[in-house]
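The chain contents come next:
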Amino acid sequence: AQKVTQAQTEISVVEKEDVTLDCVYETRDTTYYLFWYKQPPSGELVFLIRRNSFDEQNEISGRYSWNFQKSTSSFNFTITASQVVDSAVYFCALSEGHGNEKLTFGTGTRLTIIP
Amino acid sequence: DGGITQSPKYLFRKEGQNVTLSCEQNLNHDAMYWYRQDPGQGLRLIYYSQIVNDFQKGDIAEGYSVSREKKESFPLTVTSAQKNPTAFYLCASSREGDTDTQYFGPGTRLTVL
């Protein structure tokens, strides 16, 4: 069975600090997909990134970066120079196999950026 | 503008009443999903549909029902059999072939009094 663990329930940092959100996953499949979503106070989940299991290359998008390490089954998310608008709940999710498979979500990390 | 709409944003019902939550998408996506979110928890899958007139149970389907008569619509009924219906409900959709990237609607917060 697949599982996603986000051990950090809540994190608070001062604006402009860097912050890393941890995600550890479990799966028996060799083909799988990892995701990060952002949930601002409005409630809607905003898609941030999808990574497949065959692509371990780290990705950077502006102030966001993702570190995928199969050796430790981790897919960590770093925000550089954090801003108040980054305050939200962030979810890591896993999908096994191909096609429209269901997502398994972690319990989320609530990030608060202090001005 | 393409997107997923859910209505209403807030919904109040008396205990014992069935209630139907709306989810509509104009993204031409084949697959649609319903999730439930409780405070401090991740999302849990209720039902999903990969094609019109077909749907499958997710992890917590008991007390819920769905229909998929049109590609654009995937309404969720919360029945009186659902023991703890108060929650935040999120609908999502994805393209067939766009392996698993699900896009979410704004959600409906259901409170049963």
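Please read these numbers as outputs of a predicted model, since none were measured by experiment.

Asks: Is there a simple way to explain the sheet that holds strand β3 (residues 19-25) of chain B in this structure?
Replies: Strand pairing in a sheet takes place through backbone hydrogen bonds and is either antiparallel or parallel in direction. Residues and elements named next belong to chain B. What the four strands build is an open sheet, ordered β1-β3-β8-β7; its pairing is antiparallel. Strands with a single pairing partner mark the edges of an open sheet, and in this sheet they are β1 (4-7) and β7 (64-66). Looking at each pair of strands side by side, their axes are set apart by 20 degrees on average, direction ignored. Judged from the three bridges that link them, β7 and strand β8 (residues 76-78) form a sheet pairing that is antiparallel.

Asks: Just to check I follow, could you spell out the confidence of the model for chain A for this structure?
Replies: In regions of low pLDDT, the predicted coordinates are not meant to be interpreted in detail. Residues of chain A with pLDDT of at least 70 account for 96%, and the chain-wide mean is 92. Ranking the helices and strands of chain A by mean pLDDT puts strand β3 (residues 19-21) of chain A first, with 98, and strand β7 (residues 59-61) of chain A last, with 89.

Asks: Mind showing me how you'd approach the pattern of salt bridges here?
Replies: Oppositely charged side chains may form a pair once their charged atoms are brought near each other. All names here are of chain A. Taken as a whole, this structure holds six salt bridges over all chains when the rule is applied. Between Asp-55 and Arg-51 there is a salt bridge, and its shortest N-O distance comes to 2.8 Å. For Asp-55, a relative accessible area of 24% corresponds to the partly exposed category. For Arg-51, a relative accessible area of 7% gives the class buried. A cluster of three or more residues bridged by salt bridges with shared partners is formed by Arg-51, Asp-55 and Glu-59.

Calculation notes
Residues numbered from 1 in each chain as written. Chains lettered and ligands numbered in written order. Predicted model: local features only at pLDDT ≥ 70, side-chain atom pairs only at ≥ 80, totals over all residues. Heavy atoms only, no water. Pairing = 2+ DSSP bridges. Helix = DSSP H or I, 4+ residues; strand = E, 2+ residues; numbered from the N terminus. Axes fitted to C-alpha atoms, helices over the stretch in contact; angles between N-to-C directions. pLDDT = per-residue confidence, 0-100. Salt bridge = Lys/Arg side-chain N within 4 Å of Asp/Glu carboxyl O. Buried < 20%, exposed > 50% of the residue type's maximum accessible area, 1.4 Å probe, protein only.

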